[in-house]
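Geometric and topological summary
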Amino acid sequence: MKKHFTYKILCVSLISIGVWSCSSISSVQKESNTKEISGWLGHKEVHIDLKTAYPRSSSALQQLANNGLLAPGNTSNVINLSSSKSFIKIHQDSIQGYLPYYGTRHTAGRLGENGSIDFHDLPKNYNARLDPKTGTHHIAFEIPQKKSSEFFQIQIQIYPTKNAQVLVNSSQRDGISYQGKVQKLKE
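The rules behind the values
Just so you know, the residues in each chain are numbered from 1, in the order the chain's sequence is written. Only residues with pLDDT of at least 70 are given local features in this predicted model, and only at 80 or more are side-chain atom pairs given and counted; all residues enter the totals for whole chains, interfaces and linings. Derived side-chain values reflect all non-hydrogen atoms in the structure, with water molecules and hydrogen atoms excluded from consideration. Stacked, edge-to-face and tilted labels apply to pairs of Phe, Tyr and Trp rings (six-membered ring for Trp) whose centres lie within 6.5 Å, assigned for plane angles under 30 degrees, over 60, and everything in between, in that order. Starting at the N terminus, helices and strands are each numbered in turn, a helix being any DSSP run of H or I of at least four residues and a strand any DSSP run of E of at least two. Residue exposure (1.4 Å probe, protein chains only): buried if accessible area is under 20% of the type maximum, exposed if over 50%, otherwise partly exposed. Here, a charge over a ring is recorded when the distance from Lys NZ or Arg CZ to the ring centre is within 6 Å and its angle to the ring normal is within 35 degrees. Helix span is expected to be 1.5 Å times the residue number reduced by one. Arc, as used here, means the arc of the directions from the helix axis to the C-beta atoms. A contact between two residues is defined here by any heavy atoms of the two lying within 4.5 Å. The term polar contact refers here to a pair of N or O atoms within 3.5 Å; inside protein, the definition further demands a hydrogen-donor-capable atom paired with an acceptor-capable atom, and it admits residues adjacent in sequence only when both atoms are side-chain atoms. Strands are labelled as partners when DSSP assigns at least two bridges between them.

**Some points on the packing of aromatic side chains**
This structure, assessed with the given rule, holds two aromatic pairs. Each ring, one from Phe 119 and one from Phe 152, has its centre 6.3 Å from the other, and the planes form 50 degrees; the classification is tilted. In this pair, Phe 119 is assigned in strand β5 (residues 117-121) and Phe 152 in strand β8 (residues 151-158), connecting sequence segments 33 residues apart. Note on accessibility: Phe 119 and Phe 152 belong to one class, buried. In this structure, Lys 44 is placed above the aromatic ring of Tyr 126, and the distance from its NZ or CZ to the ring centre is 4.9 Å. Looking at Lys 89, its charged tip hangs above the ring of Phe 87, at a distance of 5.0 Å from the centre.

**Comments concerning helix α2 (residues 27-42)**
Counted at 1.5 Å a residue, the expected span for α2 with its 16 residues is 22 Å, and the 22 Å between its end C-alpha atoms agrees. Among the residues of α2, Asn 33, Thr 34, Ile 37, Trp 40 and Leu 41 are the ones counted as buried. For α2, the angular spread of buried residues about the axis comes to 125 degrees, placing them on one side. Pointing more than 90 degrees away from the buried face of α2 are the exposed residues Val 28, Lys 35 and Gly 42.

**Some points on the environment of Ser 76**
Mapped onto the fold, Ser 76 is located in the loop between α3 (59-66) and β2 (79-80). Here Ser 76 falls in the buried class, since its relative accessible area comes to 6%. Contacts of Ser 76, omitting those with residues within four sequence positions, involve Pro 55, Ser 57, Leu 61, Gln 62, Ala 65 and Leu 70.

**Some thoughts on the side chain of Asn 74**
On the secondary structure map, Asn 74 appears in the loop between α3 and β2. Asn 74 gets classed as buried once you look at its relative accessible area, which sits at 17%. A distance of 2.8 Å separates a polar atom in the side chain of Asn 74 from the backbone nitrogen of Asn 80. For Asn 74, the residues in contact, after removing those within four places along its chain, are Ile 79 and Asn 80.

**What about the pairing of strand β3 (residues 87-91)?**
Here strand β1 (residues 45-55) pairs with β3 via five bridges, running antiparallel. Each residue of the ladder has a partner; that of Glu 45, found in β3, is His 91. Bridge count between β3 and strand β4 (residues 94-99): five bridges; the pairing is antiparallel. Paired with Phe 87 across the two strands is Tyr 98, which belongs to β4.

**Some remarks on the pairing of strand β9 (residues 163-170)**
Among the eight residues that make up β9, seven are buried, leaving the element largely enclosed by the rest of the structure. As defined by bridge partners, β8 adjoins β9 across seven bridges and the pair is classed as antiparallel. Bridge pairing links Gln 157 to Gln 165 in β9. What sits between β8 and β9 in their antiparallel hairpin is a turn of four residues, with Lys 162 showing a positive phi close to 70 degrees. One ladder, built from six bridges, connects β9 with strand β10 (residues 176-184); its direction is antiparallel. Paired with Gln 165 across the bridge in β10 is Gln 179. Counted along the chain from β9 to the antiparallel partner β10, the turn is five residues long.

Here it is, written out as structure tokens:
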């Protein structure tokens with residue numbers, strides 16, 4: 001019952017983020033941005049700078065928040081990432097990402113691992129498509145954690161506003177989502 005309720009909260013949060021990400025822009029700007037983003041994806045030169053994390057709410061995170069152990073302005077379900085170098089890069093055939101993780105891990109990590117989501121590999125089952133009605137690019141792939149047996153399923157939605165939403169599901173942790181801005185990868 002609790003997992004079902006938590007899943008509903010996550011879905012409502014993602015819908016809210018999606019509505020925010022689709023904030024209105026002119027149809028000319030929307031078409032221009034959509035073509036520009038399509039070009040970046042076609043050449044596989046994409047950089048997503050992640051600004052906010054949305055962990056699945058848990059009692060452990062709530063205890064951290066209640067005890068003042070989260071940075072000012074953060075809550076148990078919204079974490080500001082502006083002071084970290086959180087990103088996803090799509091370059092040629094590989095995808096690299098570094099995303100701080102906030103949430104519950106269900107199996108122990110490797111000794112020396114900092115707990116972040118960290119990958120740089122060739123993705124499996126990579127799929128990118130454009131929704132022509134909304135101008136939203138949808139990307140999905142699977143990728144392993146660096147030097148680990150953990151595996152991630154990642155879904156990215158890039159809106160014509162150049163806002164991006166990232167959903168990460170893991171073989172060993174609760175899911176988490178992120179929000180950020182997309183741009184062309186700088187060499």
